[in-house]
Amino acid sequence: MKLGRNDTCPCGSGKKYKKCCMGKIDPNQSKNDKDAIIWWTQDMVEELPTEEIFRKLMKFGVLVNKEMFINEISESWSANDILKKWEKRYKLDIYSPIIDFIYLAIIVLSTRLVPDHLLIEHLDHMVETGYNAWEMEDNEQKAAMIWHDAWQEWKNWLKNHNIYSVKKLDGMRDKLNFFFSEWITDFETVSHNVGTDLPSFHEIRFNFISDILNFFTDLNLSMKENLTRVQAEELFHQGRIEEANQILEDYARKHENCPWLFIGWGDLYNPKMGSLHPDKQKAKELYKEAIKRAVEENDREVATARFYRLEND
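Note that the coordinates shown come from a computational prediction; the quantities given were computed from them, not determined experimentally.

## Regarding the overall build of the protein chain
Within the protein chain one finds 16 helices and 0 strands. For the protein chain, buried positions account for 48% of its 313 residues. Contacts spanning at least 24 positions in sequence make up 60% of the contacts within the protein chain whose residues lie at least 6 apart. If you sum the accessible surface of the protein chain, you get close to 16700 Å²; carbon and sulfur atoms cover 48% of it.

Put into structure tokens, the structure is as follows:
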């Protein structure tokens, strides 16, 4: 929303912009301003009252008030997109530290003023917080819970914006600090690890994987096969053996070259691999099918080794 000469001045004086602040913004004033030379963080911006954030935006040449901001944020789903519009509209110096403040101000103000309108940067922050818990704090349980909550928000956001493509999300590197496809795998891995000690996470893992398989239309075959095996594995943990077998049978019927599906399937019955429902003969039959379907020599070797380990037991 562009500020017109006859609009009410965003400084709050009640006067028209042309009779108040128009022409008063000195493009050089920020050069000696301590606010313009410090490196802003989101925590620093969040500590500021809303009115102070708007005052600083005005000082940096971004002439918006609450009403204008709410209208603009409601028509966008990315703080980065709004920043790009403001760079052109207000002729901002993209190399100045004030760009960091302006970008963070958009995120903070949107949370305060339009809390039901999530920007993609908010979702990105939730995922990054989970990565920090996992990689920096070495706390997989905390990461899994953060990511569980994050996925609920992501799911609603994706539906609202009609986005059902992992490839499209992976291409949003100007807005996201991670690859969405990699996050799917990392969330699955972390929830599996946590589920070893806390069985409740098996359900979290199962629901997440089921959502991903049902939600996205462009999963590559490797990911789709792996997630299908994980889904079946979680059903085994719940004692839902027939359902697990049906899921794997349905996939195998549609995809000829899937040796690892049968290797993983056999592992679920393999007594040497801690199976909850051991069946040596069933495992051997599944490994034989993996050998039959294998195209790559390495896949065939893995399936063969598992088969003969059971055969010679």
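## What to know about the pattern of salt bridges
Charged atoms that come close allow side chains of opposite charge to pair. Inspection of the entire model under this criterion finds 18 salt bridges. Between R55 and E52 there is a salt bridge, with its nearest N and O atoms 2.9 Å apart. Highlighted residues: R55 and E52, both in helix α3 (residues 50-59), separated by 3 residues, approximately one helical turn. Residue R55 is classed as exposed on the basis of its relative accessible area of 53%.

## Things to note about the layout of surface pockets
Empty space within the second largest pocket amounts to approximately 480 Å³. Every residue lining the second largest pocket is counted, 25 residues in all, and those nearest its centre are H192, E233, H237, L268 and M273. Elements with a minimum of two residues in the lining of the second largest pocket: α10 (180-195), α11 (200-215), α12 (221-237) and α14 (259-269). If you tally residues by element for the lining of the second largest pocket, the top one is α12, at 7 residues. Of the residues in the lining of the second largest pocket, the class split is 10 nonpolar, 9 polar and 6 charged.

## Here we look at the nonpolar core
W151, W154, L158, F180, W183 and F216 are the most contacted members of the largest nonpolar core, which has 38 residues in total. In terms of residue count, the dominant contributor to this core is helix α8 (residues 140-160) (9 residues). Filtering out sequence-adjacent residues up to four positions away, L158 remains in contact with W151, I163, L169, F215 and F216. Within the second largest apolar cluster, 32 residues are counted, among which are W40, Y90, F101 and L119.

## Considerations on the packing of aromatic side chains
Under the defined criterion, the tally for this structure stands at 29 aromatic pairs. With a centroid separation of 5.9 Å and an interplanar angle of 85 degrees, the aromatic rings of W134 and W147 are classed as edge-to-face. Of this pair, W134 sits in helix α7 (residues 120-136) while W147 sits in helix α8, and the two are 13 residues apart along the sequence. Its end group placed over the ring of F179, R173 keeps NZ or CZ at 4.3 Å from the ring centre.

## Some points on the side chain of N80
Within the fold, N80 resides in helix α5 (residues 79-89). Since its relative accessible area comes to 13%, N80 is described here as buried.

Reading the values: the criteria
Residues numbered from 1 in each chain as written. Predicted model: local features only at pLDDT ≥ 70, side-chain atom pairs only at ≥ 80, totals over all residues. Heavy atoms only, no water. Helix = DSSP H or I, 4+ residues; strand = E, 2+ residues; numbered from the N terminus. Buried < 20%, exposed > 50% of the residue type's maximum accessible area, 1.4 Å probe, protein only. Contact = heavy atoms within 4.5 Å. Areas by Shrake-Rupley, 256 points an atom, 1.4 Å probe, with all protein chains shown as cover. Salt bridge = Lys/Arg side-chain N within 4 Å of Asp/Glu carboxyl O. 1 Å grid on protein atoms, 1.4 Å probe; cavity = no way out; pocket = protein on both sides within 12 Å on 5 of 7 lines; lining within 4 Å. Points joined across faces, edges and corners; volume = space filled by probe spheres on them. Nonpolar A, V, L, I, M, F, W, Y, C, P; charged D, E, K, R; others polar. Core = buried A, V, L, I, M, F, W, Y, C linked by side-chain atoms within 4.5 Å. Phe/Tyr/Trp six-rings, centres within 6.5 Å; stacked < 30°, edge-to-face > 60°. Lys NZ or Arg CZ within 6 Å of the ring centre and 35° of its normal.

Read these as geometric descriptors, not functional statements.
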